[in-house]
Amino acid sequence: MQVPLQLTFHDIDSSEAIEAKIRERATKLEEFYDRITSCRIVVEAPHRRNHKGRLYVVRIDVSLPGADIVVNREPQLNHAHEDVYVAIRDAFNAAQRQIQDYVRRRRGQVKAHEAPGHGRVIRLFPAQGYGFIRTADGREIYFHGNSVVNGAFDKLEVGSEVRVVEAEGEGEKGPQASTVKLIGKHHIVE
């Protein structure tokens, strides 16, 4: 870190054990990204009425080149945070995940989820339990009635719009669909 770790305690006495755990976890963050410019941590035990135990809040502010990561664990959501070490662990785990996501985005390694293909039923053989779909790019894909989601094969008609996931490799009748889903009237057109 370019700026030394800043650690603050509010409504809780600092202890060497807590400070050591926090410093250890802060150092470990640098294993995930070595260009952290600063890290500020606040540990507090706010006074709450109608609680049996004190719930600890751990706030972590990490500055990275071009981004700031903020973790603020809300105690009312997790009564395990009556233990300060659990609150510290959870906060640092969240910071670690956010740093890893930041690194992936910087490297361009964010997964791109492809939308399922779109097409129309062009031939249907109900007695035999199969049909063919023409995709948006003009290809024909075979599908079996078992690949139609929610047992909707009987609802298909020639011209029905469907979402289609193509199976790896080809079947006897060429490209084959692994999943076919009938699109209702209120769908998003790509």
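Use the structure listed above.
Below: a short report on this structure. Within each chain, residue numbers correspond to sequence positions counted from 1 in written order. Residues qualify for local features only when their pLDDT is at least 70, as the model is predicted, and side-chain atom pairs are given and counted only at 80 or more; totals for whole chains, interfaces and linings, by contrast, use all residues. The side-chain figures draw on all heavy atoms in the structure; neither hydrogens nor water molecules are used.

1. Here's the deal with the overall build of the chain
Stated precisely, the cut-off is as follows: Helix and strand assignments follow DSSP, with helices taken as H or I runs no shorter than four residues and strands as E runs no shorter than two, numbered in order from the N terminus. Residue contacts are defined here by distance: any two heavy atoms, one from each residue, within 4.5 Å place the two residues in contact. Calculation of accessible area relied on Shrake-Rupley with a 1.4 Å probe; when residues are assessed, cover is drawn exclusively from the protein chains displayed.
Helix and strand counts for the chain stand at two helices and nine strands. Taken from the N to the C terminus, the helices and strands of the chain come in the order β-α-β-β-β-α-β-β-β-β-β. The contacts of the chain with a sequence gap of at least 6 include a subset with a gap of at least 24, amounting to 54%. A total of about 12200 Å² of accessible surface is found on the chain, and carbon and sulfur atoms cover 46% of it.

2. Points about the environment of A17
Mapped onto the elements, A17 comes out in helix α1 (residues 16–32). Between the C-alpha atom of A17 and that of Y85, which follows or precedes it by 68 residues, the distance is 9.8 Å.

3. Concerning helix α2 (residues 84–107)
Side chains of residues three or four places apart in an α-helix project in the same direction, reflecting 3.6 residues per turn. What counts, and what does not: Expected helix span is computed as 1.5 Å times (number of residues minus one). Pairs of N or O atoms are called polar contacts if they sit within 3.5 Å, as long as, within protein, a hydrogen donor faces a hydrogen acceptor (for residues adjacent in sequence, only side-chain-to-side-chain pairs).
With 24 residues, α2 should cover 34 Å at 1.5 Å per step; its first-to-last C-alpha distance of 35 Å lies within 8% of that length. Near the N-terminus of α2, the side chain that reaches the backbone nitrogen of Y85, with its oxygen 2.9 Å away, is that of D83.

4. Focus: the packing of aromatic side chains
Quick reminder of the rule: A pair of Phe, Tyr and Trp rings is counted when the ring centres sit within 6.5 Å of each other, with Trp represented by its six-membered ring. The angle between the planes then sorts it: under 30 degrees is stacked, over 60 is edge-to-face, the rest tilted. The classification of residues rests on relative accessible area computed with a 1.4 Å probe and restricted to protein chains. Under 20% of the type maximum is buried, over 50% is exposed, and intermediate values are partly exposed. Throughout this description, the term charge over a ring refers to an Arg CZ or Lys NZ atom that lies within 6 Å of the ring centre and within 35 degrees of the ring normal.
Counted by the stated rule, this structure contains six aromatic pairs. With centroids separated by 6.3 Å and ring planes inclined at 65 degrees, the aromatic side chains of F143 and F153 adopt a geometry described as edge-to-face. Of this pair, F143 sits in strand β7 (residues 140–144) while F153 sits in the loop between β7 and β8 (161–171), and the two are 10 residues apart along the sequence. Of the two residues, F143 and F153, both sit in the buried class. Each member of the aromatic cluster is reached from another via a ring pair, and the members are F125, Y130, F132 and Y142. In this structure, R123 packs its charged tip against the face of F132, placed 4.5 Å from the ring centre.

5. With respect to the packing of α1 against α2
Heads up, the condition is: Angles run from 0 to 180 degrees between N-to-C directions of axes, and those axes are lines fitted to C-alpha atoms, restricted for helices to the stretch in contact. Working definition: roughly parallel below 35 degrees, roughly antiparallel above 145 degrees, roughly perpendicular at 65 to 115 degrees, and oblique for all remaining angles. Each crossing gets its handedness from the near helix: less than a right angle anticlockwise from the far helix is left-handed, clockwise is right-handed. Under the scheme applied here, ten amino acids are nonpolar (Ala, Val, Leu, Ile, Met, Phe, Trp, Tyr, Cys and Pro), four are charged (Asp, Glu, Lys and Arg), and all others, including Gly, are polar.
Contact geometry for α1 and α2: axes closest at 10 Å, N-to-C directions at 15 degrees. The orientation of α1 with respect to α2, classified from their angle, is roughly parallel. Classified by chirality, the crossing of α2 by α1 is right-handed. For the pair formed by α1 and α2, the contact residues are A17, I18, K21, I22, R25, A26, L29 and F32 on the first element and V84, Y85, I88, R89, F92, N93, A95, Q96, I99, Q100 and V103 on the second. When grouped by side-chain class, the residues that make up the contact of α1 with α2 number 13 nonpolar, three polar and three charged.

6. Structural notes on the pattern of salt bridges
We count it as follows: For salt bridges, the criterion is a side-chain nitrogen of Lys or Arg within 4 Å of an Asp or Glu carboxyl oxygen.
Counted by the stated rule, this structure contains nine salt bridges. The salt bridge partner of E140 is R123, with a shortest N-O separation of 2.9 Å. Of this pair, E140 sits in strand β7 while R123 sits in strand β5 (residues 117–125), and the two are 17 residues apart along the sequence. One salt bridge connects R139 with D137, and the closest N-O pair in it is separated by 3.2 Å.

7. Considering the nonpolar core
What counts here: Nonpolar cores were defined as sets of buried Ala, Val, Leu, Ile, Met, Phe, Trp, Tyr and Cys residues, with membership established by side-chain atoms within 4.5 Å.
The biggest cluster of nonpolar side chains holds 30 residues, and the ones touching the most others in it are I41, I60 and V62. Mapped by element, the contributors of at least two residues to this core are α1, β2 (38–44), β3 (57–64), β4 (67–72) and α2. Beyond its immediate sequence surroundings of up to four residues, V62 is in contact with L29, I36, S38, C39, A67, D68, I69 and I99. The next biggest cluster of nonpolar side chains, apart from the first, holds 13 residues, and it includes I141, F143, V164 and A177.

8. Focus: unusual backbone geometry
Generally, phi is negative for residues other than glycine and the peptide bonds are trans, each holding for most cases. Unlike most non-glycine residues, D11 shows phi in positive territory, near 55 degrees. The class of D11 is partly exposed, set by a relative accessible area of 46%. Of note, the phi angle at N150 is positive, near 60 degrees, even though the residue is not glycine. Relative to the helices and strands, N150 is located in the loop between β7 and β8.

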